[in-house]
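Listed below are the residues making up each chain.
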Amino acid sequence: MQPFHAKFPVLLLLMMFITSCAATRMVDSWHAPNQGKKYQKLLVSRVTKNHSNQKIYEDVLSAELKQRGVEAVPAHMYLKNGDTLAKRQALEKAVQESGAEGILCMQTTNMEKRTNVQPGYMDNYPGYWYPSAFPYWDMYGYYGGASTFYEPPVVTTYNVATIQVHLFDTSSSKLVWAATFESSEPANAVSVSKDLADEITDSLSREGLI
């Protein structure tokens, strides 16, 4: 049986990979030139047929915007009987009733599988691991010093979702800001929505839109 110390380098690399894959990151962003308007009230929308998923994303982003001083309202509060903002009448009604200056829309536009291969690892043992207490062991030079240990490659497959976010001005209907995000945990709506909300509000704040 291989000692834990021998496996530690591979385990550490695997843990680092898993942690890095958990992040939701911005890929790119755009904002309209000469845009000096700050939005004080936003209607937050998640475009999806999954109503529970819609509520999670809209509620989480609305809460984060409120912490930044923006009056944000989830679109699902204004949609009834299966209506969506894709219907012009429902969209106009939601804008009018909410009094929103802008609509912040989130939509997953792509899902793909990616594969990561962590190379195997081989080294002499105990040549590199020889604490000061070990000079007392011998057993004929620990099998002649020819012992090696090996860890096979680790192959990990995971899903990556592409999420696009757009901010439209309700008075002009024009697009004023857009961003693309990637997340490797698309099934975890709560975690992704929190990461996404942080990224979105940070970007809007940097651009002077909120």
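Because the structure is a prediction, the values reported are computed rather than measured.

1. Considering the nonpolar core
Counting 25 residues, the largest nonpolar core has Leu-65, Leu-104, Leu-167, Trp-177 and Ile-200 as the members making the most contacts within it. At the level of elements, strand S2 (41–47), helix H2 (51–67), strand S4 (102–118), strand S7 (154–169), strand S8 (175–183) and helix H5 (189–206) are the ones that each hand at least two residues to this core. Residue contributions to this core peak at six residues, all from H5. Apart from residues no more than four positions distant in its own chain, Leu-167 is found in contact with Tyr-39, Leu-42, Gly-102, Ile-103, Leu-104, Lys-174, Leu-175, Val-176, Trp-177, Leu-204 and Leu-209. Formed by 11 residues, the second largest nonpolar core is a distinct cluster that contains Tyr-78, Leu-85, Ala-90 and Ala-100.

2. What to know about unusual backbone geometry
Negative phi is the rule for most residues except glycine; trans is the rule for most peptide bonds. A positive phi angle is found at Ser-173, which is not glycine, with a value near 70°. A relative accessible area of 56% means that Ser-173 is categorised as exposed.

3. Considerations on the pairing of strand S3 (residues 71–74)
As paired strands, S2 and S3 are joined by four bridges and run parallel to one another. Paired with Leu-43 across the bridge in S3 is Val-73. In this region the chain leaves S2, passes through H2 and returns to the parallel neighbour S3; the handedness of that crossover is right-handed.

4. Things to note about the packing of aromatic side chains
Considering all chains together, one arrives at zero aromatic pairs under this definition. Across the ring face of Tyr-57, the terminal group of Arg-46 is positioned such that the distance to the ring centre comes to 4.1 Å.

5. Focus on H2
When the terminal C-alpha atoms of H2 are compared, their 24 Å separation across 17 residues agrees well with the 24 Å that a helix rising 1.5 Å per residue should span. Of all the positions in H2, only Asn-53, Gln-54, Tyr-57, Glu-58, Leu-61, Ser-62, Glu-64 and Leu-65 are classed as buried. The arc that holds the buried residues of H2, viewed along the axis, is 165°, so those residues lie on one side. Set apart from the buried face of H2 by more than 90 degrees, the exposed residues are Lys-66 and Gln-67. The secondary structure elements touched by the buried residues of H2 are S2, S3, S4 and H5. Phi turns positive one or two residues past the end of H2, at Gly-69, with a value near 90°.

Rules behind the numbers
Residues numbered from 1 in each chain as written. Predicted model: local features only at pLDDT ≥ 70, side-chain atom pairs only at ≥ 80, totals over all residues. Heavy atoms only, no water. Core = buried A, V, L, I, M, F, W, Y, C linked by side-chain atoms within 4.5 Å. Buried < 20%, exposed > 50% of the residue type's maximum accessible area, 1.4 Å probe, protein only. Helix = DSSP H or I, 4+ residues; strand = E, 2+ residues; numbered from the N terminus. Contact = heavy atoms within 4.5 Å. Pairing = 2+ DSSP bridges. Right-handed = clockwise from strand over helix to strand, strands pointing away. Phe/Tyr/Trp six-rings, centres within 6.5 Å; stacked < 30°, edge-to-face > 60°. Lys NZ or Arg CZ within 6 Å of the ring centre and 35° of its normal. Expected span 1.5 Å × (residues − 1). Arc of directions from axis to C-beta.

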